[in-house]
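# Descriptive analysis of the structure
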Amino acid sequence: MVQNSSQEIGQRLERVRRIEGLSQGKFCEELGISRTSLQNYVRGDRDIPLPVLATLLEKFATDPIWLMYGDESDVSMRHKSSILAEIRSIGIALEERAAIRNIVLAREERWRLVSQIYTALLLNGSADQRLPPNDFIMDQMLENNGHK
């Protein structure tokens, strides 16, 4: 799969806002960004940063594959199986890393972290390679979520 241009991704971001029926102001508030940032993302002037993508996934259940590649990718059952395998691999690796660090994750927090890690791997082109995320990525996500 080839990632679409920033402008195409920005147009899908705008589509999410419209589907949700939110004003630009309310959408920006939900994402924790300024209107100027939203406009830059929609025009494709700036790439959407990982925290914003993670918030889209969490708050609006936005499919990261659709956001990055669009409808034309028509994710087949084979790709869906691959995605599920990757998510499972991330979940197992995250649980193992949390156990090593003596961290107990609540179910919601675990899924939020799995979503964030998958999104990070997708943006970095590492998803679909069936490689578990490295310890650095997981530690960074754990620390970003209050686990020192």
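It should be noted that the structure appears before, not after, this text.
None of the values given here were measured: they were computed from a predicted structure. (Residues numbered from 1 in each chain as written. Predicted model: local features only at pLDDT ≥ 70, side-chain atom pairs only at ≥ 80, totals over all residues. Heavy atoms only, no water.)

### A word on the overall build of the chain
Along its length, the chain carries 8 helices and 0 strands. A burial count over the chain gives 43% of its 148 residues as buried. Restricting to contacts in the chain with at least 6 residues of sequence separation, those with at least 24 account for 69%. (Helix = DSSP H or I, 4+ residues; strand = E, 2+ residues; numbered from the N terminus. Buried < 20%, exposed > 50% of the residue type's maximum accessible area, 1.4 Å probe, protein only. Contact = heavy atoms within 4.5 Å.)

### Side note on helix 2 (residues 24-31)
Side chains that are three or four residues apart share a direction in an α-helix, a result of its 3.6 residues per turn. Every buried residue belonging to helix 2 is among Phe 27, Cys 28 and Leu 31, and all of these are buried. In an axial view of helix 2, the angular spread of the buried residues amounts to 100°, which keeps them on one side of the axis. On its buried face, helix 2 is in contact with helix 1 (6-20), helix 3 (35-43) and helix 4 (50-60). Of the residues trailing helix 2, Gly 32 is marked for its positive phi of about 75°. (Arc of directions from axis to C-beta.)

### Section: the nonpolar core
Of all hydrophobic cores here, the largest spans 38 residues; its most connected members are Leu 13, Phe 27, Leu 31, Leu 56, Leu 94 and Ile 117. At the level of elements, helix 1, helix 2, helix 3, helix 4, helix 5 (64-69), helix 6 (77-100), helix 7 (107-123) and helix 8 (135-144) are the ones that each hand at least two residues to this core. Tallying contributions element by element places helix 7 first for this core, with 7 residues. (Core = buried A, V, L, I, M, F, W, Y, C linked by side-chain atoms within 4.5 Å.)

### Re the packing of helix 2 against helix 4
Relative orientation of the contacting elements helix 2 and helix 4 amounts to 105°, with a least axis distance of 9 Å. What the angle tells us is that helix 2 and helix 4 run roughly perpendicular. In this structure, helix 2 contributes Phe 27, Glu 30 and Leu 31 to the contact, and helix 4 contributes Val 52, Thr 55, Leu 56, Lys 59 and Phe 60. Grouping the constituent residues of the contact of helix 2 with helix 4 by class yields 5 nonpolar, 1 polar and 2 charged. (Axes fitted to C-alpha atoms, helices over the stretch in contact; angles between N-to-C directions. Parallel < 35°, antiparallel > 145°, perpendicular 65-115°, else oblique. Nonpolar A, V, L, I, M, F, W, Y, C, P; charged D, E, K, R; others polar.)

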